[in-house]
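# Working through the structure, step by step
As a plain string of letters, each chain reads:
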Amino acid sequence: MARQDGETRSLLEKCLRAANPPATQVTEAERHIYCSVRDSLREELALLLQEAEEMRWPFVPEKWQYKQTISSDDKSNLSELVGQHLPQLLNILEAAIVAQEAHAALAVIFLVDRFLYWIDESGQLLKISKLLHKRYPDVPVAPQLVIRQARVYLNSGKLQKAEYILSHLIIDSGATGCWLYRSESDRALVQSVSLQVRGMVLQKLGLWLEAAQLIWASLLGFYTLPQPDKKGIGTSLGILANILLSMNDEDFHAFKTTPDIDLSFLGDASHRLLSAAKAAKRAVAYSRYTSLYVLTNATAQGTCLLSYSFSLACLPAKRTLFLLEAKEAFEVGLLSKAEGEVVTSKQELHTFIKAAYSLLVTHKWLYGASEAVTRSTKVCQEALARFYHYSHPDAVDRDGFCAEIMRHISRVKLELRVEPFVNSDSRSFIPDTFRNVNDVLVGFTSDDFSSVLQRFHKYHSALCTTADFKSNGQRVDVDGAGICITAFGTTVDVLDPESVGEAGKPSSECASDVSELPDRSSSVTNAKSLSSSWKRLSLTSSGSGRSAVGHFSSSVSSHGSDKFEIIQADIPTADSEDDDPDGLSLSQLILSSSLSNSFGSKSSWEHISASLGSSRSAGIHERAKSFESSGSVFLKTPQDCEDNDTTGWEVLGLPKALENFKGDAGNCSSTETSTDDCHGTAEESIVGPQTWNLGCNSCLKIHSLSHVAPARQYYLSQEDYRSLLAGVCHQCLLKRLRSEKVKFKLERYGTTHNALHLKFSKASGLWTARETCVHIGESMGLQGTHRTAFWVQFLHQEERLSSYVGKDYRKPTQIQFHLRDVERQMTAQYYVTEFNKSLYDKEVMAQMFFLPSEALLILDGDVIAGCITVEPFMLGQFVKLTNNVKKKNDKLPATEYGLAFGHFTYLHSECQDVVVDLQGAAYKTRNGCRYKMTNTFAVFTGWVTANGKGLTYLTDPQIHSTRTPRGPSNLASSGIATFLREQHGPECNSVCRRLNLPPVPQQSS
């Protein structure tokens, strides 16, 4: 099935041009051409096209999808048929558009939609669909196309738009425009797919428990159809496996004990990773006739088994057994394509590289770091670098990139001796050993599905209500029969807070439309309108610019320090909203070699507890080697400075020079909020008194721990890897990697590395690692006062089709500050999840989310060479709900939610924490020295809907806490008191009262 990129794009462009001009009188010649090309279709395709026009099904079905007994003819996939006849189908599409045969045109789009999505060409097709729907509003558009639009929004970071479409389909029983359903089960099918995709939205946000509950709801829907949907079940089981893999044990317990959830059909559910592996293996069996799904689910199964082999629950005697099962799963995935067979999907390419890399990691743990593993590692790094360029919006010769990447995969299979498995069914992509996953009888009923739908109805209904308004206060025209493909309530104008009335309703005077996109080739000049901490840089300064940095505007009051900002990035109109699917993420605007064979037997993780009771560990006296000299992209510098007293203040003095550092000198005792210093004081990075964590691999080995040798602090032995892969608590990780003198900084882009992908869970207090490979792409062309943003692609990112952004400090910075950034954001996410539950219980229809943040430890062999943080890319309207001079934006309803959230975190943490954002500075003089103290006023920043209600996405929190030592960005009790006094005030707002939050104690000035 050869893919011809140029021909496909050329045909799509011709169809788009045909759909653009106003309709004219159709000539006989044009009608004859249409009839001629349609009559030339082979019988099978002609029948499918007729059934699509007759609205026989809401999704184009595979032959095997709903059958219990499958014949040999049923084992083919529609993608094969469409791929072979794609040029002919697109010619029919163009002829139908010209002949004004709208039903036929939209039916062709329906048929080719899934195939074009797989080969990453959905953008043009959806534009054609919208143009046709605007011209012929009475012609039905298939639910599959409406949900496709939501999927594209999800992949491009437009989560509000995706949520809006999916929620409408869920509460309106799948109603979309004038589409007619033939049965109630078809409606249930559309609702099930919508629940599935919305689960993926919450998965992207790192809300594992909530995502798992939605995926479970979709499973109920697929199972309770008259004929269970094997494809839907397999897809949901694969997604569930990945969610369980990322979920913490506390959330897993809450999930499996939720009413209406019964995991017994997966077998033993005693451990979440084993449940995840069984879900993935069942997904492989369900999808055995589709290579992409087999690859995806087998890789998920192997990843779950590999992770379980390092868990504390895995008996040492059985570790090899689980590693061998993981090895088999990865090999099954890699064998889903024959040698020389063309790969047609971005998702498929990414998963092939992930499977190959995971297989070499498994080989390393089974047989040691052999030469074959070392060579395979380099090959996988090269493949990931090629994949990054393949994924560029302006990439040319994608077929060439695909072929090169698959040649790399073949080299890995050869190096690691991947042999074909026994398969008695030539049309299947799984070995006979996987066929023992028998279908078990499940007791799910349609009443169970209806009950679950009712449980979610309240939230989805409110989301639709709050999102159905444009920023001018007018309701979006949503047909009574349901949402259609061009009715998107989150396509909004610029929201000017100065024009918002007291009740949160925008006045008639609104800011200008920003649908006109900028010239991507132009440079961007400095713009104070972004904020005082941001400068605009030339797009050409970072190389390619990745054609993704968009246009920004802000609405600023003329009252100086009282201003509130709205920053908008490429908010497009309905006509242009997909022109730039990789537009600049607003979450990035507030940026306040090979595996080694030198695995040691002794663990430096087993040396860290000699200082468990101390407040400060010994400094590093070695002169760290400069990775600059060896060609590394990270600069590692030793820093000589004296520790400050634990005062919570910063002495503003002359910085001392950094040896081996080309650039600005820094003072290690400075605060992150300064524009000419480093990023934190020594006292701020102190680890407090150790608390025991029974899930921490390091805590459990305390009897054998001793002092860390400075020369080995950044070297990882085999046992170090085991500890990180099993999970270590936050305090042990900081004690192991914290340094006051050794700093790192990214020096060069466009490089690929091995890395440890670190995730933090506030609920368990654990950091858990996975071995991965990361490509550090080009700079985004923007630079903050303290951090820079750049594109990142790594193999274990949560969403394979989504963009991710990396962050690094502009000046050399210790690793602990990256780890604290992640810990703060995930702690805030933990609190906001509890806050959302309270809102829902009190029927307050609004939800707030913090974007998940993770860390990547960059490796040079077995030595840590640097650290960056990563988070998913998001596009939308960015609003500051408060400013940094004790003011708050009372004109936006979302501000009340932000302040109520601060009140809630204060109570939920037993008066020990308040989640805020820090900006600005205040100065005091003491003993003749000038000290700098960061202010404590909450600056909640995030994305809101046009009327300030519904969904709010927050980013870059800071936390004042009495649990951890006081520092420049943690003013502890005084910071909490200032927030309660200056921001919240003595009187609770309406949201606090709806939640029945007790009044805050009166704070003295």
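Numbering of residues starts from 1 in each chain and follows the order in which that chain's sequence is written. This being a predicted model, a pLDDT of at least 70 is required before a residue's local features are given, and a value of 80 or more before pairs of side-chain atoms are given or counted; all residues contribute to the totals for chains, interfaces and linings. Excluding hydrogens and water, the side-chain values take into account all heavy atoms of the structure.

### As for the overall build of the protein
Helix and strand content of the protein: 26 helices and 21 strands. A total of 1005 residues make up the protein; the buried ones form 64% of that total. Exposure was quantified through the Shrake-Rupley algorithm and a 1.4 Å probe, taking into account, for residues, occlusion by the shown protein chains and nothing else. Here the protein displays about 35,700 Å² of accessible surface, and carbon together with sulfur accounts for 50% of that area. A run of DSSP states H or I qualifies as a helix once it reaches four residues; a run of E qualifies as a strand once it reaches two. Both are numbered from the N-terminal end. Each residue is assigned to one of three classes by its accessible area relative to the maximum for its type, calculated with a 1.4 Å probe on protein chains only: buried under 20%, partly exposed between the two thresholds, exposed over 50%.

### A few points about helix H16 (residues 319–334)
Helices are assigned an expected span. That span is 1.5 Å times one less than the residue count. For H16, with 16 residues, the first-to-last C-alpha span of 23 Å sits near the 22 Å given by 1.5 Å per residue. The complete set of buried residues in H16 reads Arg319, Phe322, Leu323, Ala326, Lys327, Ala329, Phe330, Glu331, Val332, Gly333 and Leu334. Working rule for contacts: check all heavy atoms of both residues, and any pair within 4.5 Å makes them a contact. Tucked into the core, H16 has its buried residues touching helix H14 (272–286), helix H15 (291–310), helix H17 (346–367), helix H19 (398–415) and helix H21 (718–726).

### With respect to the pattern of salt bridges
By salt bridge we mean one thing: a side-chain nitrogen of Lys or Arg within 4 Å of a carboxyl oxygen of Asp or Glu. Per the stated rule, a full pass over the model turns up 33 salt bridges. Notably, a salt bridge pairs Glu771 with Lys364, separated by 2.3 Å at the nearest N-O pair. The same class applies to Glu771 and to Lys364, which are both buried. Put simply, Asp913 and Arg963 hold a salt bridge, and the shortest N to O gap is 3.0 Å. Linking Asp913 in strand S16 (residues 913–916) with Arg963 in the loop between strand S21 (958–961) and helix H25 (972–984), this pair joins segments that are 50 residues apart in sequence. Residue classification places Asp913 among the buried residues on the basis of a relative accessible area of 2%. One continuous salt-bridge network, built from bridges that share partners, spans Arg42, Glu44 and Lys63.

### What to know about the packing of aromatic side chains
Only Phe, Tyr and Trp rings are paired, with Trp represented by its six-membered ring, and only when their centres lie within 6.5 Å; those with planes under 30 degrees apart are stacked, over 60 edge-to-face, the remainder tilted. Enumeration according to the criterion identifies 22 aromatic pairs in this entry. For the pair Phe265 and Phe444, a centre-to-centre distance of 6.2 Å together with 85° between the ring planes defines the contact as edge-to-face. One end of the pair, Phe265, is in the loop between helix H13 (249–256) and H14; the other, Phe444, is in the loop between H19 and helix H20 (446–467), and 179 residues separate them in sequence. For Phe265, a relative accessible area of 8% gives the class buried. Owing to a relative accessible area of 17%, Phe444 belongs among the buried residues under this scheme. Pairwise contacts between aromatic rings join Trp216, Tyr223, Phe265 and Phe444 into one cluster. The ring of Tyr721 is capped by Lys364, whose NZ or CZ atom sits 4.8 Å from the centre of that ring. Whether a charge sits over a ring depends on NZ of Lys or CZ of Arg being within 6 Å of the ring centre and within 35 degrees of the ring normal. Residue placement shows Arg398 over the ring face of Tyr390; its charged tip is 5.4 Å from the ring centre.

### Here we look at the environment of Glu404
With respect to the secondary-structure elements, Glu404 resides in helix H19. Look at Glu404 and you get partly exposed, because its relative accessible area is 21%. Through-space distance from the C-alpha of Glu404 to that of Glu382 is 9.8 Å; in sequence the pair is 22 residues apart. Pairs of N or O atoms are called polar contacts if they sit within 3.5 Å, as long as, within protein, a hydrogen donor faces a hydrogen acceptor (for residues adjacent in sequence, only side-chain-to-side-chain pairs). At 2.8 Å, the side chain of Glu404 forms a polar contact with the side chain of Arg386.

### Considerations on the packing of H17 against H19
Describing two packed helices takes the angle between their axes plus the distance from one axis to the other. Two elements in contact, H17 and H19, have axes whose closest approach is 10 Å; the angle formed by their N-to-C orientations is 20°. Considered as vectors, H17 and H19 are oriented roughly parallel to each other. In the crossing of H17 with H19, the sense of the turn from one axis to the other is left-handed. Here Leu349, Phe352, Ile353 and Ala356 of H17 lie close against H19, whose contacting residues are Cys402, Ile405, Met406, Ile409 and Val412. We call Asp, Glu, Lys and Arg charged. Ala, Val, Leu, Ile, Met, Phe, Trp, Tyr, Cys and Pro are nonpolar, and the rest, Gly among them, are polar. Of the residues belonging to the contact of H17 with H19, the class tally is nine nonpolar, no polar and no charged. To get an axis, a line is fitted to the C-alpha atoms, and for a helix only the part in contact is used. The angle between two axes follows their N-to-C directions and goes from 0 to 180 degrees. Here the angle decides the label: under 35 degrees means roughly parallel, over 145 means roughly antiparallel, 65 to 115 means roughly perpendicular, and every other value means oblique. The hand of a helix crossing depends on one turn: near helix anticlockwise from the far one by less than a right angle means left-handed, and clockwise means right-handed.

### Comments concerning helix H6 (residues 102–118)
Between its first and last C-alpha, H6 extends 25 Å over 17 residues, near the 24 Å set by a 1.5 Å rise per residue. At Val112, H6 shows its strongest bend, of approximately 45°. Within H6, 16 of the 17 residues are buried, which leaves it mostly tucked inside the rest of the structure. Phi turns positive one or two residues past the end of H6, at Asp120, with a value near 65°. The bend reported for a residue corresponds to the angle between axes fitted to the seven residues ending at that residue and the seven starting there.

### Focus: the packing of helix H7 (residues 122–135) against helix H8 (residues 143–156)
The interhelical angle for the contact between H7 and H8, taken along N-to-C directions, is 135°, at an axis separation of 11 Å. The pairing of H7 with H8 is recorded here as oblique in orientation. Here the hand of the crossing between H7 and H8 comes out left-handed. Residues Ser122, Leu126, Ser129 and Lys130 of H7 form the contact with H8, whose participating residues are Leu145, Arg148, Gln149, Val152 and Tyr153.

### Thoughts on unusual backbone geometry
In the Ramachandran plot, Ala972 falls in the positive-phi region, its phi being about 50° despite a non-glycine side chain. Tracing the backbone shows Ala972 in helix H25. At Asn996, a position not held by glycine, the phi torsion is positive, near 60°. Mapped onto the elements of the fold, Asn996 is located in the segment after helix H26 (990–994). Looking at Asn996, the relative accessible area reads 56%, which means it is exposed.

### Overview of the pairing of strand S11 (residues 804–809)
Counting buried positions along S11 yields six of six residues, so the element is predominantly enclosed. The alternating pattern of S11 places Tyr804, Gly806 and Asp808 and Val805, Lys807 and Tyr809 on opposite faces, both of which are buried. Relative to S11, strand S10 (residues 787–794) is paired through six bridges, and the arrangement is antiparallel. Following the sheet pairing, Arg787 is matched in S11 by Tyr809. By this definition, two strands are paired if DSSP reports at least two bridges between them. Relative to strand S14 (residues 863–872), S11 is paired through four bridges, and the arrangement is antiparallel. From the neighbouring strand, Gly806 faces S14, where its bridge partner is Val870.

### Brief notes about empty space enclosed by the protein
Empty space among the atoms becomes visible once a probe the size of a water molecule is rolled across them. In this structure, the largest cavity spans a volume of roughly 860 Å³. Every definition here rests on a 1 Å grid over the protein atoms only: cavities are sets of points where a 1.4 Å probe fits but cannot get out, pockets are open sets enclosed by protein on both sides within 12 Å along at least five of seven lines, and lining residues have some atom within 4 Å of a point. For the largest cavity, the lining is made up of 45 residues, of which Arg151, Met200, Thr235, Ile239 and Gln347 are closest to its centre. Secondary-structure elements contributing two or more residues to the lining of the largest cavity are H6, H8, helix H10 (184–204), helix H12 (230–246), H15 and H17. At nine residues, H12 tops the list of elements feeding residues into the lining of the largest cavity. Considered class by class, the residues forming the lining of the largest cavity number 16 nonpolar, 19 polar and ten charged. Grid points are joined across faces, edges and corners, and a volume is the space filled by probe spheres set on the points.

### Let's talk about the side chain of Arg151
Note that Arg151 resides in helix H8. Contacts of Arg151, omitting those with residues within four sequence positions, involve Tyr117, Val193, Gln196, Val197 and Met200.

### Topic: a nonpolar patch on the surface
Surface patches are defined over residues having more than 30% relative accessible area and no salt bridge, joining like charges when they lie within 9 Å and nonpolar side chains (Val, Leu, Ile, Met, Phe, Trp, Tyr) when within 5 Å. A surface patch of nonpolar side chains, about 310 Å² in accessible area, is lined by Leu312, Leu694 and Leu700. Relative to the helices and strands, Leu694 is located in the loop between strand S5 (650–651) and H21.

### Let's talk about the side chain of Thr869
Locating Thr869 in the fold gives a position in strand S14. By relative accessible area, Thr869 is classed as buried at 3%. Residues within four places of Thr869 in sequence aside, it is in contact with Val805, Gly806, Lys807, His818, Val822, Ser853, Glu854 and Ala855.

### A word on the confidence of the model for the protein
What pLDDT reports is the predictor's confidence in each residue, on a scale of 0 through 100. Considering every residue of the protein, the mean pLDDT works out to 75; 70% of them sit at 70 or more. Scored below 50 in pLDDT, residues 469–480 makes 25 contacts in the model with residues more than four places away or belonging to other chains. Under a pLDDT of 50 for its full length, residues 640–686 has, in the predicted model, 143 contacts with residues more than four places off or in other chains.

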